[in-house]
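# Residue-level structural notes
Listed below, chain by chain, are the residues.
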Amino acid sequence: MSFLLYAPNVHLFAFHLGEIENLDGDSEYEPHYLRQRCLEIFQRFQIQQALKLRAVTPNLRMDLLEGTREENILLSLEGKLADKQKITGVVGYLQLYDSYALYLNLRIPELDESQNRTQSVDAAIFKQFNSNQEWILDSSIGQVIILTGWLSRAQQQQGPIIWQQMADYCLQSFLETSDSPLPHCYQVNQLFGSPVFEYGDPRNPDKTQTIWVWLFLDESDEAQKPSADADSNLCFLDQELLDLFFYRQKVIKTFELSRENYRDTRAQYQKMGDEVEAIRSLVLHKKSSPEKLSESTLIQLQKSLVELLELDISFSENLRVLETSRLTLKANASNYRKKLALIQSYYPQEKLDILESFGDKNCVNFQEQIKLDLGYFRHIRSLADKAVASIRGIVEIEQTQRDRLRQDQEKQLENTIQAIGLAVGTGAIFASSAGLITQPWRSPWGGDRSSYPHPFLIAFFGSFLLAAIVYFAVKWCQNRGK
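Reference entry: report on the structure contained in this document. (Residues numbered from 1 in each chain as written. Predicted model: local features only at pLDDT ≥ 70, side-chain atom pairs only at ≥ 80, totals over all residues. Heavy atoms only, no water.)

A general trend in soluble globular proteins is that nonpolar side chains are found buried together. By size, the foremost hydrophobic cluster in this structure holds 59 residues, and its most contacted members are Phe13, Phe15 and Trp214. Not counting residues within four places of it along the chain, the set of residues in contact with phenylalanine 15 comprises Leu34, Leu96, Tyr100, Ala101, Ser139, Ser140, Ile141, Gly142, Leu242, Phe245, Phe246 and Gln249. One finds Phe126, Ala167, Val213 and Leu215 within the second-largest nonpolar core, a separate group that totals 50 residues. (Core = buried A, V, L, I, M, F, W, Y, C linked by side-chain atoms within 4.5 Å. Buried < 20%, exposed > 50% of the residue type's maximum accessible area, 1.4 Å probe, protein only. Contact = heavy atoms within 4.5 Å.)

On the surface, Phe236, Leu342 and Tyr346 cluster together into a nonpolar patch covering about 280 Å² of accessible area. Tracing the chain through its elements places leucine 342 in helix α7 (residues 295-346). We classify leucine 342 as partly exposed; its relative accessible area is 32%. (Patch = residues over 30% accessible without salt bridge, like charges linked within 9 Å, V, L, I, M, F, W, Y side chains within 5 Å. Areas by Shrake-Rupley, 256 points an atom, 1.4 Å probe, with all protein chains shown as cover. Salt bridge = Lys/Arg side-chain N within 4 Å of Asp/Glu carboxyl O. Helix = DSSP H or I, 4+ residues; strand = E, 2+ residues; numbered from the N terminus.)

Counted residue by residue, strand β9 (residues 194-199) has six buried out of six residues, so it is predominantly covered. The side-chain alternation of β9 yields two buried faces, one formed by Ser194, Val196 and Glu198 and the other by Pro195, Phe197 and Tyr199. Pairing of strand β8 (residues 185-191) with β9 involves six bridges; the strand directions are antiparallel. Pairing of cysteine 185 across the sheet is with tyrosine 199, part of β9. Between the end of β8 and the start of β9, which pair antiparallel, lie two residues, with phenylalanine 192 showing a positive phi angle near 55°. With four bridges connecting them, β9 and strand β10 (residues 210-217) associate as antiparallel partners. Each bridged residue has a counterpart across the sheet, and for glutamate 198 the counterpart in β10 is tryptophan 212. (Pairing = 2+ DSSP bridges.)

Here helix α1 (residues 33-44) spans 17 Å end to end across twelve residues, near enough to the 16 Å set by a 1.5 Å rise per residue. Taken residue by residue, α1 has Tyr33, Leu34, Arg37, Cys38, Ile41 and Phe42 as its buried positions. The elements touched by buried residues of α1 are β1 (4-17), β3 (75-80), β4 (86-96) and β5 (99-107). Of the residues trailing α1, glutamine 46 is marked for its positive phi of about 55°. (Expected span 1.5 Å × (residues − 1).)

Shown next, in the form of structure tokens:
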């Protein structure tokens, strides 16, 4: 299939973060990546325009290119395609708060040097614009590409089915995908009276590019420049669309990162579940056994609890990141709707369905999905916390019982030692006094009785009395020292 298209255009809206946190020491991140890629495109099309940057205040919305003015932030461009076909265009490079934005438009001009309408060209010319995939960037926030061109009166009368085929052909030529399927046509609608075909699913931005094919309905076959509301409004709204697509890509990128965080969080939850189940099986197995938990089992349980706590900390951090994604997405979705409301105020009677659908459907669905994820993981975390608390309680009870048993055993040992010591001491006293037993015994009632008891009794009971005095003296000194 082949068809002619008048004044085909390629519009690029690309966005890149000024800086990224937690790069793990990676110093290769290039904040002005978009500017560098733009210069590569210039070289490809023999465009001599330099892109010198002016000093700006960080985190504001400001134009960065020298040579521009407040009323016109775009620089004009001239270049050539591979077949020497003249092309013109404009470029703008801005700082959008924490990010950078590139707007680049290259086109077959509507009028030649004599101000006459140029000839229509085969839509396959889009291959020359993107022969080396120059327009497919790897920016950190993403991009939106719009392919435009005028349809003739005869093509307008062919209707939507043929228009869809024309849009597919334009996209196929631009991406050079003759042997592979095209990106999914996500939606078809009209904007400013001309049909728009949106390719690429915003729910899967890592798999497809967001590309619009916008076919302008030519309102005149005169020799002069054709009249098309879509084209004039696209030029008038270039800055508003830049902001709108910026917030759109912010929403999409935030949701994409939330899916990565969701997968990591779910993997961590699986690890926690496996660890809890292993501990539970171990405890239940020991519980069914008449034997107490062994020392090695207690040590293993304590190690497992430490690992669970580390997983729980990481799990909590992922939940925090997921909550941050929800708030970031909500803020950018709100900014998208505000910018769309501003565009609608310029055209109160115009239907902006193709733009509204993203704010009314995708943004809402993205927020609901993250909200459901948070609810699910918070519920899981509460169950995990209870499991950890229960296991910790089992370990503490078992440890307490073991400590009490150990104390009882130590008390019994202490008592045994004291009894043995007392027995040994008594035996020693008796042994030291046994020599006095042979002394003559005189009856207390006899005539030769002594005025004092038998020496054996004096030595035996005197030793006990002296031992008691020494014991209490030592205890008094110890208590006084404490």
